[in-house]
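This is what each chain is made of:
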Amino acid sequence: MGAGGPRRGEGPPDGGWGWVVLGACFVVTGFAYGFPKAVSVFFRALMRDFSAGYSDTAWVSSIMLAMLYGTGPVSSILVTRFGCRPVMLVGGLLASAGMILASFATRLLELYLTAGVLTGLGLALNFQPSLIMLGLYFERRRPLANGLAAAGSPVFLSALSPLGQQLLERFGWRGGFLLLGGLLLHCCACGAVMRPPPGPGPRPRRDSAGDRAGDAPGEPEADGAGLQLREAPPRARPRRRLLDVAVCTDRAFAVYAVTKFLMALGLFVPAILLVNYAKDAGVPDTDAAFLLSIVGFVDIVARPACGALAGLARLRPHVPYLFSLALLANGLTDLSSARARSYGALVAFCVAFGLSYGMVGALQFEVLMAAVGPPRFPSALGLVLLLEAVAVLIGPPSAGRLVDALKNYEVIFYLAGSEVALAGVFMAVATNCCLRCAKAAQSGPGTEGGASDTEDAKAEGDSEPLPAVEEEPSNLEALEELSPRGRPMEPEVEAGPRLAAESV
C-alpha cells in the first residue's frame, strides 16, 4: 500500500483529548448562542440612558447574530489559512474587547460597532472552528459529541440571563458589560486546548546522517535510492482552496442548504414571540417569563439524548430522516398550538417545542458533516451559516411587522409552523430522490454502465481532481502547519523510495 493510502485503524481518536475539545465546544456553543439573547436583559437600561426605542436598541443583538452567521465564509477562509487554534484565540480577544469597549459607549452607534460587530465577529471566529475541530476528533461517537456540544446553548442561556440581571442590579449596564467582557476571555482558554489530532503516522525523516547510516555498504541500489531522496528537489504540493465553493454542486449539500434556509425562516419565531403571546392571552408576567425556562430545561435534556440516539448503529445511516422528523414535529407543534390560550396548553406547547427544538439543534451539524465529509466541512459550514444569516434577517423581523399590522399572533404561528414543516418534508423527499438517483446510476447497462458510473462518481464527488485519500492529510496540514515551528510534510512520492531502500 502506498504511503498516502488509508491504513486500517486510522482515523479520529473518538476519545482521549477529544473529550477536552468537546468541553471547549460546549462552552463556545453556549456563548455563541446564549450571549446575544442574554444581552437583552440590559435593553431597558440602554433605552433609558440613550433615549432610544426598543427596536433601535434591539439592533445590538440583531447585529451580533448577523455577524455570528454572516461571517461564516470569512471564518472558513481563516481556519483554512491559519488553523483552528489561532483563529479561536483571536476571536476570544475580539469578543472580550467588544464588550469592554461597549461599556464606555456614549451613543447607540458605538454599541452597534463594539457589542454588535466586534463581539459578534469574535463569537463567530470561536463557534465555527470549534465545530470543525470536533469533527476531527470524533467519528464513531460524533452524533453524541454534537449533541453534548449543542447542549451548551440552553445551559448558558439559562445561566447568562439571571447573571446579567444580577450584574445590572449591582453594577449597572456599564459594569455588567465590563464583567461580561472579562467572562468572554474564557473563549481564549477554549481555543488554547484546540490542538490538532495526531496525524496518520510518522513522517519520513530527512536526516542526512541517518540516511548515510541506514545505507549499508555494498548495496548500490539502496544507496542510490537514498541519494535520490536527498538530492531530488521537493515537488510543489497542490494549492489548497481557502473556500471551496464547488461544494455547492454537491446534491446532498444543496438539499441541506435549502432545508436550512426554510427552517431558519420560522424556527426561531415562536421562541421570540412566546412571552408576548402569553401576556396577550392574559397570563401573568412572571408565569409568561417562566415558559422560556421550560423550553430551556427540556432542550438541555433533548440535545444529548437525541445525539446518543442518532449514534446507534441502526439509526446512524438514517440521520437525515431523523432530522426531517424533528423538523416536521416542530412545525406541527407550532401549527397545533396557534390557538393555545390557557396556561396549561402553553406549558404543553413549551414541552413539545423544546423537545423538537433540541432534536433539531443536536442533529443539524451532524447531517452536514455526514453529507460533505470532514475535509469539505469548513467551507460547507461557512456557506450554510451565511445562508442562515439571510433567513434570520428575513424571518423574525417579518413576523414582528405582521404582528404590528395584524395584532394577531395566530397567523405568525401558522406561518412559522408551515415553513418548518415544509423544510422537514423537503429534506425527506429530496434525500430519498438522491438515494434513488444514486442507485439508478450504479445499476446502469453493462459496457457503458462502467464508464458512466465512473463519470457520475467523479461529477457527484469532490470537485478536486485529487483522490479523497490525498485530500484529508492536506486538511490536517492546514491545522498542523500554523505554528512557526511546524515543519511541512515531505512529498509522499519521495517516501516510497526511502521505505523501499530500508526494507531491502
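Everything numeric here is computed off the predicted structure, so don't read it as measured data.

### Thoughts on the overall build of the chain
Along the backbone of the chain there are 21 helices and zero strands. Looking at the 504 residues of the chain, the share that counts as buried comes to 46%. In the chain, once contacts between residues fewer than 6 apart in sequence are set aside, the share between residues at least 24 apart is 86%. Within the structure as shown, the chain displays about 23,700 Å² of accessible surface, and the carbon and sulfur contribution to it stands at 64%.

### Section: a nonpolar patch on the surface
A surface patch of nonpolar side chains, amounting to about 310 Å² of accessible area, comprises Leu328, Leu332, Val425 and Val429. For the nonpolar patch, the secondary-structure elements that each account for two or more residues are α15 (319-336) and α18 (410-442). Checked against the element boundaries, leucine 328 lands in helix α15. Using a relative accessible area of 30% as the deciding quantity, one classes leucine 328 as partly exposed.

### A look at the state of the cysteines
For the structure on display, the rule yields zero disulfides. Its sulfur unpaired, cysteine 187 is 6.0 Å from the next cysteine sulfur, which belongs to cysteine 190. Considering cysteine sulfurs only, cysteine 437 is the nearest to cysteine 434, which forms no disulfide, with 6.4 Å between them.

### So, the side chain of serine 379
Locating serine 379 in the fold gives a position in helix α17 (residues 377-406). Since its relative accessible area comes to 6%, serine 379 is described here as buried. Not counting residues within four places of it along the chain, the set of residues in contact with serine 379 comprises Ser76, Leu242, Leu243 and Asp244.

### What to know about helix α14 (residues 285-310)
In an α-helix there are 3.6 residues to a turn, and that puts residues three or four apart on one side. End to end, α14 covers 38 Å across 26 residues, agreeing with the expected 38 Å (1.5 Å per residue, within 8%). All buried positions along α14 are accounted for by Ala288, Leu291, Ile294, Val295, Gly296, Val298, Asp299, Ala302, Arg303, Cys306, Gly307 and Ala310. As for α14, its buried residues are in contact with α7 (142-150), α8 (152-183), α13 (269-280), α15 and α16 (343-372).

### Concerning the packing of aromatic side chains
Enumeration according to the criterion identifies 14 aromatic pairs in this entry. Ring plane angle 40° and centroid distance 4.9 Å describe the contact between tyrosine 277 and phenylalanine 413, whose orientation is recorded as tilted. Of this pair, tyrosine 277 sits in helix α13 while phenylalanine 413 sits in helix α18, placing them 136 residues apart in sequence. Each member of the pair, tyrosine 277 together with phenylalanine 413, is buried. Taking 5.8 Å as the distance between ring centres and 65° as the angle between the ring planes, the aromatic pair formed by phenylalanine 349 and phenylalanine 413 counts as edge-to-face. Taken together, the residues span a long stretch of sequence, with phenylalanine 349 in helix α16 and phenylalanine 413 in helix α18 at a distance of 64 residues. On the accessibility criterion, phenylalanine 413 (2% relative accessible area) is buried. Taken together, the ring pairs in this structure connect Tyr277, Phe349, Phe353, Tyr357, Tyr409 and Phe413 into an aromatic cluster. Residue placement shows arginine 195 over the ring face of tryptophan 17; its charged tip is 4.0 Å from the ring centre.

### Overview of the nonpolar core
Nonpolar side chains in soluble globular proteins generally cluster together in the buried interior. In terms of nonpolar packing, the biggest core is built from 125 residues, with Phe35, Leu111, Trp173, Phe177, Phe253, Phe323 and Leu368 touching the most fellow members. With residues near it in sequence (within four places) discarded, phenylalanine 35 still touches Gly30, Met64, Met99, Thr119, Leu123, Leu160, Leu180 and Leu184.

### Brief notes about the confidence of the model for the chain
The predicted coordinates should not be examined in detail at positions where pLDDT is low. In this model, the chain carries a mean pLDDT of 78, and residues with pLDDT of at least 70 account for 77%. Contacts for the low-pLDDT stretch residues 201-232, under 50 throughout, to residues beyond four places or in other chains number 25 contacts.

### With respect to unusual backbone geometry
Glycine aside, a negative phi is what most residues show, and trans is what most peptide bonds show. The backbone of aspartate 14 sits at a positive phi, close to 55°, despite the residue not being glycine. The phi dihedral of serine 51 is positive, around 50°, even though this residue is not glycine. Residue placement: serine 51 occurs in the loop between α2 (43-50) and α3 (54-70). By relative accessible area, serine 51 is classed as exposed at 69%.

Reading the values: the criteria
Residues numbered from 1 in each chain as written. Predicted model: local features only at pLDDT ≥ 70, side-chain atom pairs only at ≥ 80, totals over all residues. Heavy atoms only, no water. Helix = DSSP H or I, 4+ residues; strand = E, 2+ residues; numbered from the N terminus. Buried < 20%, exposed > 50% of the residue type's maximum accessible area, 1.4 Å probe, protein only. Contact = heavy atoms within 4.5 Å. Areas by Shrake-Rupley, 256 points an atom, 1.4 Å probe, with all protein chains shown as cover. Patch = residues over 30% accessible without salt bridge, like charges linked within 9 Å, V, L, I, M, F, W, Y side chains within 5 Å. Salt bridge = Lys/Arg side-chain N within 4 Å of Asp/Glu carboxyl O. Disulfide = S-S within 2.5 Å. Expected span 1.5 Å × (residues − 1). Phe/Tyr/Trp six-rings, centres within 6.5 Å; stacked < 30°, edge-to-face > 60°. Lys NZ or Arg CZ within 6 Å of the ring centre and 35° of its normal. Core = buried A, V, L, I, M, F, W, Y, C linked by side-chain atoms within 4.5 Å. pLDDT = per-residue confidence, 0-100.

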